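# Structural overview
Here are the chains, one letter per residue:
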Amino acid sequence: MIPGRGKNQIMFTRAIARKPGKNFAQGLTTTLSEDPPDYDTLVKQHKAYLNVLESIGLEVILLDALPDHPDAYFVEDTAVVTAEVAVITNPGAKARRGEEQTIAQVLARYCKTDNIRAPGTVDGGDVLQVGKHFFIGVSERTNPEGANQLGRILDGYGYTWTTIAVSAGLHLKSSVNYVGKNTLLVTEDFANHEKLGGYKKIVIDSHEAYAANTLLVNGRLLMPAGHPGTRKKLETLQLEIIELDTSEVRKMDGGLTCMSIRF
Ligand code: CIR
């Protein structure tokens, strides 16, 4: 049995990812960094990420870069995939619309698909699945109409869902993630959120807030390197922890969850 496999844990066999394009630094970002984003470093970090996914048993379906969409390697935002259906999103940022069509073609080979329709918008980064429940962040990218459309689709497959206002960070999963064993990893902003009751919480110190974007895959925790305080707290879960350097992705407001669609 895989360590840490619990009732809310989903086991994945595949991941869709996309190569970053040379123009990735033209993507959307709110992060001001002294060092400009570096393509060669990003490529190395992206490969290391994919190697980890493969090493823990996922088949990686790697797509080519989309030159017209410098953020397209953040594939997570384009689809919400459950065991029964893949919901193709309508990304909230205009510059990112169109990315979802190429992902829809790939997912259609593996599962039934449905769509979020305008004026609804959803970014997958706002959608957190914990077992049979979905938290859907309402953010600058995911609007109430999109959240409700997604919720109604999920209803049809026996899932429950709640919306949650994203008051800080780009997406819900910039601040809240499920790390196994009935535990949510949260930033201080979400530590006492009324809609996140019923779970144990690991609260991250504010100076390590970026580590909230930690990804649970098949019993392992993939976390961004360089957050020793959060690592120590996560060690209490007794799951294998794999640190990955995400410096270049972070400059583009992205993280570990964003770079793959697991299913
Ligand atoms: C964007 O602003 O859309 C990208 N630069 C970053 C998207 C990160 N995606 C995610 O957290 N799921």
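The structure contained in this document is the topic of the report that follows. (Residues numbered from 1 in each chain as written. Predicted model: local features only at pLDDT ≥ 70, side-chain atom pairs only at ≥ 80, totals over all residues. Heavy atoms only, no water.)

### Digging into helix α2 (residues 99–107)
Applicable threshold: Exposure is judged per residue with a 1.4 Å probe applied to protein chains only, and the accessible area is read against the type maximum: over 50% gives exposed, under 20% gives buried, and values in between give partly exposed. We count a stretch as a helix when DSSP gives it H or I for four or more residues in a row; a strand needs E for two or more, and each element gets its number in order from the N terminus. Of all possible arcs, the one meant is that of the directions from the helix axis to the C-beta atoms.
Inspection of α2 places Glu99, Glu100, Ile103, Val106 and Leu107 among the buried residues, and these make up the whole buried set. Projection of α2 onto a plane perpendicular to its axis shows the buried side chains occupying an angular sector of 115 degrees, all on one side. Among the exposed residues of α2, those oriented more than 90 degrees off its buried face are Gln101 and Gln105.

### Thoughts on the nonpolar core
Note the cut-off: Only buried Ala, Val, Leu, Ile, Met, Phe, Trp, Tyr and Cys residues count toward a nonpolar core, and they belong to the same one when joined by side-chain atoms within 4.5 Å. Contact criterion: two residues are considered in contact whenever any of their non-hydrogen atoms come within 4.5 Å of each other.
By size, the foremost hydrophobic cluster in this structure holds 27 residues, and its most contacted members are Leu184 and Leu234. Sorting the residues of this core by element identifies β6 (127–130), β9 (176–178), β10 (183–186) and β13 (220–224) as the ones contributing at least two each. Looking at this core element by element, the count peaks at three residues for β10. The residues contacting Leu234, other than those within four sequence positions of it, are Val179, Leu185, Ile202, Thr214, Leu221, Met223 and Ile241. Listed in part, the 24 residues of the second largest apolar core include Leu53, Phe74, Leu222 and Met252.

### A word on the site of the ligand
As a reminder, the rule being used: In these notes, residues near a molecule or strand are those with any non-hydrogen atom within 4 Å of it. Here a polar contact means two N or O atoms within 3.5 Å. Within protein one must be a hydrogen donor candidate and the other an acceptor candidate, and residues neighboring in sequence count only if both atoms are side-chain atoms. Areas reported as accessible are Shrake-Rupley estimates using a 1.4 Å probe. Residue values count occlusion only from the protein chains shown. The residue classification treats Ala, Val, Leu, Ile, Met, Phe, Trp, Tyr, Cys and Pro as nonpolar and Asp, Glu, Lys and Arg as charged. All others, Gly included, are polar.
Taken together, 14 residues form the shell around the ligand, and within it Leu28, Glu76, Arg141, Met252 and Cys258 come nearest. One of the side-chain nitrogen or oxygen atoms of Arg141 is found 2.8 Å away from an oxygen atom of the ligand. Between the ligand and the protein, one listed contact pairs an oxygen atom with a side-chain N or O atom of His171 at 3.1 Å. Summarising the interface, the protein chains cover 99% of the accessible area of the ligand, which totals 350 Å² for the free molecule. Grouping the amino acids of the shell around the ligand by side-chain chemistry returns five nonpolar, three polar and six charged.

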